[in-house]
Amino acid sequence: GESVGLHLPTLSVQEGDNSIINCAYSNSASDYFIWYKQESGKGPQFIIDIRSNMDKRQGQRVTVLLNKTVKHLSLQIAATQPGDSAVYFCAEKRGYQKVTFGTGTKLQVIP
Amino acid sequence: KAGVTQTPRYLIKTRGQQVTLSCSPISGHRSVSWYQQTPGQGLQFLFEYFSETQRNKGNFPGRFSGRQFSNSRSEMNVSTLELGDSALYLCASSVGTGGSYGYTFGSGTRLTVV
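These remarks concern the structure in this document. (Residues numbered from 1 in each chain as written. Chains lettered and ligands numbered in written order. Predicted model: local features only at pLDDT ≥ 70, side-chain atom pairs only at ≥ 80, totals over all residues. Heavy atoms only, no water.)

Within chain B, the secondary structure is distributed over 0 helices and 11 strands. Taken from N to C terminus, the helices and strands of chain B fall in the order β-β-β-β-β-β-β-β-β-β-β. The C-alpha atoms of chain B give a radius of gyration of 13 Å, which matches the 13 Å a tight globule of 114 residues would have. The principal-axis extent of the C-alpha atoms belonging to chain B is close to 35 × 30 × 25 Å. Put simply, chain B has 114 residues, and 53% of those count as buried. Taking all contacts inside chain B whose residues are at least 6 apart in sequence as the whole, residues at least 24 apart take part in 55%. Between the centroid of the 11 positive side chains of chain B and the centroid of its 5 negative side chains there is a distance of 4 Å. (Helix = DSSP H or I, 4+ residues; strand = E, 2+ residues; numbered from the N terminus. Rg over C-alpha atoms; globule rule 2.2 N^0.38 Å. Buried < 20%, exposed > 50% of the residue type's maximum accessible area, 1.4 Å probe, protein only. Contact = heavy atoms within 4.5 Å. Lys, Arg positive; Asp, Glu negative; His and termini not counted. Charge placed at Lys NZ, Arg CZ, Asp CG, Glu CD.)

On to the interface of chain A and chain B. Taken together, the contact between chain A and chain B spans 17 residues of the former and 21 residues of the latter. Across the interface of chain A and chain B, roughly 1400 Å² is buried in total on both sides, 56% from carbon and sulfur atoms. Connecting chain A to chain B are 4 residue pairs in polar contact (both at pLDDT 80 or more). Listed by contribution, the elements that provide at least two residues to the side of chain A that touches chain B are β4 (32-38) and β9 (86-93) of chain A. (Buried area = accessible area lost by both parts, 1.4 Å probe. Polar contact = N/O pair within 3.5 Å; in protein donor to acceptor, adjacent residues only side chain to side chain.)

What follows covers the environment of V70 of chain A. Residues and elements named next belong to chain A. With respect to the helices and strands, the residue V70 is situated in the loop between β7 (62-67) and β8 (72-77). Judged by its relative accessible area of 55%, V70 falls in the exposed class. In sequence terms V70 and A24 are 46 residues apart; their C-alpha atoms lie 8.2 Å from each other.

Under the counting rule described, the total for this entry stands at 2 disulfides over all chains. Between the sulfur of C23 of chain A and that of C90 of chain A lies a disulfide, 1.9 Å long from S to S. Because the torsion about its S-S bond is 50°, the bridge between C23 of chain A and C90 of chain A counts as right-handed. With a gap of 67 residues between them, C23 of chain A in strand β3 (residues 19-25) and C90 of chain A in strand β9 connect regions that are remote in the sequence. Like C23 of chain A, the residue C90 of chain A is buried in the burial classification. Note that C23 of chain B is cross-linked by a disulfide to C91 of chain B, the S-S spacing being 1.7 Å. Because the sign of the S-S torsion sets the handedness, a value of about -50° for the bond joining C23 of chain B and C91 of chain B places this disulfide among the left-handed ones. Placement of the pair is C23 of chain B in strand β3 (residues 19-24) and C91 of chain B in strand β9 (residues 87-94), with a sequence separation of 68 residues. Like C23 of chain B, the residue C91 of chain B is buried in the burial classification. (Disulfide = S-S within 2.5 Å.)

Right, here's the structure in full:
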């Protein structure tokens, strides 16, 4: 069945280091993947997305990598800052169907 | 431009009661989706409305219902509340159906059932 899973529930990184948050998905028919960031007391905020016909997409300090062979998605955050502390969700979508979210990874930035 | 507005922000209800939550999407967004978020469960899809029609539905009991008005504002209703309904209810609007071009979420309504 469909599922979007995350490898680690919590990730701690030193301020200034790079962070990598991983996500696995099971359905090869997924055509759109999104990363969201949720800070305490707020709704999820869109970070970056990638379509299935791409392998990599870069934004400001963030990069998303898609490996369709092993159905793996990752979010890389460069020079992690205290403001990056949050829960990160990967999500997948197929066509006009609903967006399915993973359970989230909590990123803790150590000053 | 105004974001997604959800009201109320916090709500405390008693078991057996019913509750109505409101969501005003971003101007121009015609799709509104609702999610339930509980600790450790991530976001569970409830339903999506587009142009006043329900387009997608999650695996929730019939006690959970929703509707969308002609101005794209949406409401969700939960009847006969149970303790397990305590959660953060998030509304997300998007231009197209199924979260096309990405969702914009509101800050949510925190529902506590006692």
